[in-house]
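# Chains, contacts and geometry: an overview
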Amino acid sequence: MSPRRTSAVLVSAFSLASLAFAPAASAADEPTTRELMEQCDNGTDSCVFHPEGQPEYYTEDRHVVGDPVYNCTDGLQRFSVEWSDTTSQSNSVGLSMTTEAGFGKVFAVAYEQSYEHTWEESHTESQTTYVDTEPNQVGSVERAAQMQKVQGTYELHFGDKFHDHYIWYVPMEVTGPAPDPTSAVSQHVRDMTEEEISQCP
């Protein structure tokens, strides 16, 4: 007869409570999230990510890209601002999904199977944007990238008990560039400060 298999849930940073389907080990005996994720496809019989619901799409806060431009002349000036900006993936437990053993690839496969899109670890956008400034004005370019959040749970099965359980569950939220990574790009101008004017050639 095969041994009775037990399972447990590991709570991530954003979870409010934990649940174990077998007599719970003490907190000191429970593995850390890092210890479990390092076992994913690198010590487990199986490691699968189960997405929950549809991705949540949102727009990042605007931030300045490229260098600001200063109009120190007495006439209208059009400046070309060359910029490049990268958005990257992250997750709720703060582990690297590209260097940690196995679990990043497991997530990408589950994402593609569930949503029929390829998961992008990062996306870089580069442009030249024109900014018109009046005399004694500062111009800048701002970008707000399109992002997505995916929630789900890792299910890890072990051939031998790992910290007193055969099965562990790890909730996780993963954030990354949206499948259509378009972004909102805008130009902004403001009056120079007295200090900035004093630095004009």
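Here's a quick rundown of the structure. (Residues numbered from 1 in each chain as written. Predicted model: local features only at pLDDT ≥ 70, side-chain atom pairs only at ≥ 80, totals over all residues. Heavy atoms only, no water.)

### Section: the overall build of the protein chain
Using the following cut-off: Secondary structure counts use DSSP, requiring at least four H or I residues in a row for a helix and at least two E residues in a row for a strand, with both numbered from the N terminus. For each residue, the accessible area found with a 1.4 Å probe, counting protein chains only, is set against the maximum for its type, and the residue is called buried under 20%, exposed over 50%, and partly exposed in between. For this analysis, residues touch if any pair of their heavy atoms sits within 4.5 Å. Each accessible area is a Shrake-Rupley estimate made with a 1.4 Å probe; only the visible protein chains count as cover when residues are assessed.
The helix and strand tally for the protein chain stands at three helices and nine strands. Going from the N terminus to the C terminus, the protein chain shows its helices and strands as β-α-β-β-β-β-α-β-β-β-β-α. Considering the protein chain as a whole, with its 201 residues, one finds that 39% of them fall into the buried category. Expressed as a percentage of contacts within the protein chain between residues at least 6 apart in sequence, the contacts between residues at least 24 apart total 80%. With an accessible surface of roughly 11,300 Å², the protein chain has 46% of that area assigned to carbon and sulfur atoms.

### Considering the state of the cysteines
Basically, it comes down to this: The disulfide criterion used throughout: a pair of cysteine sulfur atoms within 2.5 Å.
This model, assessed by the stated rule, comprises two disulfides. The partner cysteine of C72 in its disulfide is C200, sulfur to sulfur 2.0 Å. Given an S-S torsion of about -70°, the disulfide between C72 and C200 has left-handed geometry. Of the two residues, C72 is situated in the loop between β3 (63-70) and β4 (77-88) and C200 in the segment after α3 (194-198); the sequence distance between them amounts to 128 residues. The class of C72 is partly exposed, set by a relative accessible area of 33%. Of note for the protein chain: the bonded cysteines, numbered N- to C-terminal, pair according to 1-2, 3-4.

### Overview of the environment of A110
Relative to the assigned elements, A110 resides in helix α2 (residues 103-115). Residues A110 and H50, spaced 60 residues apart in sequence, show a C-alpha to C-alpha distance of 7.0 Å. Setting aside chain neighbours within four positions, we find A110 in contact with F49 and P51.

### Quick word on the side chain of Q137
With respect to the helices and strands, Q137 occurs in strand β7 (residues 137-162). Contact partners of Q137, with chain neighbours within four places excluded, come to V69, Y70, N71, V189, R190, D191 and M192.

### Digging into the packing of aromatic side chains
As a reminder of what qualifies: Centre distance within 6.5 Å is the pairing criterion for rings of Phe, Tyr and Trp, where only the six-membered ring of Trp is used; planes under 30 degrees apart are then read as stacked, over 60 as edge-to-face, and the remainder as tilted. For a lysine, the NZ atom is tested; for an arginine, the CZ atom; a charge sits over a ring if that atom is within 6 Å of the ring centre and within 35 degrees of the ring normal.
This model, assessed by the stated rule, comprises eight aromatic pairs. Taken together, the ring pairs in this structure connect F49, F103, F107, Y111, Y115, W119 and Y154 into an aromatic cluster. Above the plane of the ring of Y58 lies K149, whose end atom (NZ or CZ) is 5.2 Å from the centre.

### Quick notes on the pattern of salt bridges
Cut-off, in case you're wondering: A pair is scored as a salt bridge if a Lys or Arg side-chain nitrogen falls within 4 Å of a carboxyl oxygen belonging to Asp or Glu.
Summed over all chains, the structure comprises six salt bridges. The partner of R143 in a salt bridge is D85, with the nearest N and O atoms 2.8 Å apart. With a gap of 58 residues between them, R143 in strand β7 and D85 in strand β4 connect regions that are remote in the sequence. As far as the burial class goes, R143 and D85 line up, both buried. Where E125 meets R143, a salt bridge forms, and the shortest distance between an N and an O atom there is 3.2 Å. Separated by 18 residues along the polypeptide, E125 in strand β6 (residues 122-133) and R143 in strand β7 bring together distant segments of the chain. What emerges from the salt-bridge pattern is a single network uniting D85, E125 and R143.

Honestly, it's all geometry; don't read function into it.
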